[in-house]
Amino acid sequence: MDMIPSENLIVSSVLLLIFNGSLVLSLKFLALRIDLLDYPSERKTHVLPTPLVGGLAVYLTLCALVAINNDWGSDIGMIITFAGLIVLIGLVDDFITVRWPIRLIVQSTAALCVISTTNIVVINLGNYPIVGLVELGWVGAAFTIFSVTCTANSFNLVDGIDGLCGGLILLVVTALQTISYVHSGQINFYFLTLVGSISIFLFFNLSQNPKRKIFMGDAGSAGLGFIVSFLIIAQLSSEHISLPPPFALWLLLVPIADTLFVIWKRIRGGRSIFQPGSDHFHHCLRAKGYSQSKTLAVLLTIAFLGIIGGLLFNSEDDVISVCMFMIVVFCLMKYAEVNKTS
């Protein structure tokens, strides 16, 4: 991943953040005129039609950075380029509902394109007793496509209350930047740009003024989830990083646990796992009586502690890390199930 000289960091950061803020305002103005809006309903808490442009603004800011650095042929350039397919199908879905098989085909195709042009793949799943190092070999590409597609959709699924999807992505990217800095002593400008632009999105998304509020949109949640998943794979497979593959699970604790919980609930209830419903973690906490702000705080705290836990278990065998992750996920699911009252 590309770095920039430290003397240019502050100026470049300020200029990109100004660009991102201007982009948000411009896209918001455009969304009101082309009806790129999320309308209130009985399943939603907002009171006014809200522009679905937050994720698009973040993505276009990343594209601008790639263009400025002429990085289209680099690994990060390829990731952002092919993420455009996810953003595009997400935009279409924000206007009209796109059937899930089409979304999965587009997401899988985009992941295959990234793998083909960058060779960023999951090489192994860690080192375990008896079996030793679990290398994937030729299965690695298929496993990577599956993992990236699942991650992109998990961020899309978890995007149900203000600040949650953006906050989770912010935590993951901040963790990746911190780890990268500890190991290399340098600041990755793409990570920094993601942190800054998502922070601007959260400023609007968490606003108490309904007229100022914007949403991530399917284009943003799935598109940024796609980008983040490849960034995780690239970082953990870097020769400068000493973290094991299971750490990726801890980075994605809340999206993974929430998705597994939803799938389990819907299969048990005889419903399609692809249909929307009120059976996510945030629905369970709200049903218990938590306010939206408290629900957000609880889930982001769990995500933060998950990252810290993953770092702590890094000193143990991979099997201990995976087992502890499964125990934590089970406990979260049981807690959500016990407290689901409607």
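Here the structure is a predicted model, which is why all the values come from computation and not from measurement.

Engineer: It is not clear to me how the packing of aromatic side chains should be interpreted in this structure. Could you clarify?
Structural biologist: Summed over all chains, the structure comprises six aromatic pairs. Aromatic pair W250 and F313: ring centres 5.6 Å apart, planes at 25 degrees, arrangement stacked. With W250 in helix α9 (residues 247-251) and F313 in the loop between α12 (292-312) and α13 (318-338), this pair connects stretches of sequence that are 63 residues apart. You can call W250 buried: its relative accessible area is 3%. Seen from their ring centres, F261 and F281 are 5.3 Å apart, and the 35 degrees between their planes marks the pair as tilted. Here F281 lies in helix α11 (residues 281-288) and F261 lies in helix α10 (residues 253-268), a separation of 20 residues in the sequence. The class of F281 is buried, set by a relative accessible area of 6%.

Engineer: I tried to follow a nonpolar patch on the surface on my own but got confused; where do I start?
Structural biologist: Residues L30, I34, L88, V92, F95 and I96 make up a contiguous nonpolar surface patch of about 540 Å² in total accessible area. Elements represented by at least two residues in the nonpolar patch include exactly α1 (6-34) and α3 (75-95). No other element matches α3, which puts three residues into the nonpolar patch. Mapping V92 onto the fold places it in helix α3.

Engineer: Is there a simple way to explain the side chain of D162 in this structure?
Structural biologist: Here D162 shows up in the loop between α5 (140-158) and α6 (164-184). On the basis of relative accessibility, which here comes to 14%, the residue D162 falls in the buried class. For D162, the side chain forms a polar contact with the side chain of K213, separated by 2.8 Å. Once residues within four sequence positions are removed from consideration, D162 is found in contact with N205, L206, K213, F215, Q292 and L296.

Engineer: Where do I start with the pairing of strand β3 (residues 124-128) in this structure?
Structural biologist: It is a general feature of regular strands that their side chains alternate between the two faces of the sheet. As paired elements, β3 and strand β4 (residues 132-135) share three bridges and run antiparallel to each other. Directly across from N124, in β4, lies its bridge partner E135.

Engineer: Quick question: what am I supposed to make of helix α7 (residues 189-205) here?
Structural biologist: For α7, spanning 17 residues, the distance from its first C-alpha to its last is 24 Å, which sits close to the expected 24 Å at 1.5 Å a residue. The element α7 is largely enclosed, with a buried count of 13 among its 17 residues. The N-cap residue of α7 is N188: its side-chain oxygen and the backbone nitrogen of Y190 are 2.9 Å apart.

Engineer: Which parts of the structure should I look at to understand the nonpolar core?
Structural biologist: Most often, soluble globular proteins keep nonpolar side chains buried together rather than apart. Counting 97 residues, the largest nonpolar core has F226, F230 and I232 as its most contacted members. Broken down by element, this core gets its largest block of residues, 12 residues, from helix α8 (residues 217-236). I232 has contacts with V172, L176, A248, L251 and L252, leaving out every residue within four places of it along the chain.

Engineer: Would you mind showing me how to read the packing of helix α4 (residues 100-118) against α5 here?
Structural biologist: For the pair α4 and α5, the least separation of the axes is 9 Å and the interaxial angle reads 130 degrees. Put simply, α4 runs oblique to α5. Handedness of the crossing formed by α4 with α5: right-handed. Where α4 abuts α5, its residues L104, Q107, S108, A111, L112 and I115 lie against A141, T144, I145, V148, T149 and N153. When grouped by side-chain class, the residues that make up the contact of α4 with α5 number seven nonpolar, five polar and no charged.

Engineer: When you look at unusual backbone geometry in this model, what are you seeing that I'm missing?
Structural biologist: Phi is positive for D35, which is not a glycine, with a value near 65 degrees. Structurally, the position occupied by D35 is in the loop between α1 and β1 (37-38). What makes D35 partly exposed here is its relative accessible area of 39%. The phi angle at I130 is positive, at roughly 70 degrees, despite the residue not being glycine. If you trace the backbone, I130 turns up in the loop between β3 and β4. The class for I130 is exposed, based on a relative accessible area of 91%.

Engineer: Whenever I open this one, the confidence of the model for the protein chain confuses me. Can you help?
Structural biologist: Low-pLDDT stretches of the model should not have their predicted coordinates read in fine detail. Considering every residue of the protein chain, the mean pLDDT works out to 89; 94% of them sit at 70 or more. In this model residues 2-7 is a low-confidence stretch, pLDDT under 50, and it forms 15 contacts with partners more than four residues away in sequence or in other chains.

Conventions adopted
Residues numbered from 1 in each chain as written. Predicted model: local features only at pLDDT ≥ 70, side-chain atom pairs only at ≥ 80, totals over all residues. Heavy atoms only, no water. Phe/Tyr/Trp six-rings, centres within 6.5 Å; stacked < 30°, edge-to-face > 60°. Helix = DSSP H or I, 4+ residues; strand = E, 2+ residues; numbered from the N terminus. Buried < 20%, exposed > 50% of the residue type's maximum accessible area, 1.4 Å probe, protein only. Patch = residues over 30% accessible without salt bridge, like charges linked within 9 Å, V, L, I, M, F, W, Y side chains within 5 Å. Areas by Shrake-Rupley, 256 points an atom, 1.4 Å probe, with all protein chains shown as cover. Salt bridge = Lys/Arg side-chain N within 4 Å of Asp/Glu carboxyl O. Polar contact = N/O pair within 3.5 Å; in protein donor to acceptor, adjacent residues only side chain to side chain. Contact = heavy atoms within 4.5 Å. Pairing = 2+ DSSP bridges. Expected span 1.5 Å × (residues − 1). Core = buried A, V, L, I, M, F, W, Y, C linked by side-chain atoms within 4.5 Å. Axes fitted to C-alpha atoms, helices over the stretch in contact; angles between N-to-C directions. Parallel < 35°, antiparallel > 145°, perpendicular 65-115°, else oblique. Left-handed = near helix turned anticlockwise from the far one by under 90°. Nonpolar A, V, L, I, M, F, W, Y, C, P; charged D, E, K, R; others polar. pLDDT = per-residue confidence, 0-100.

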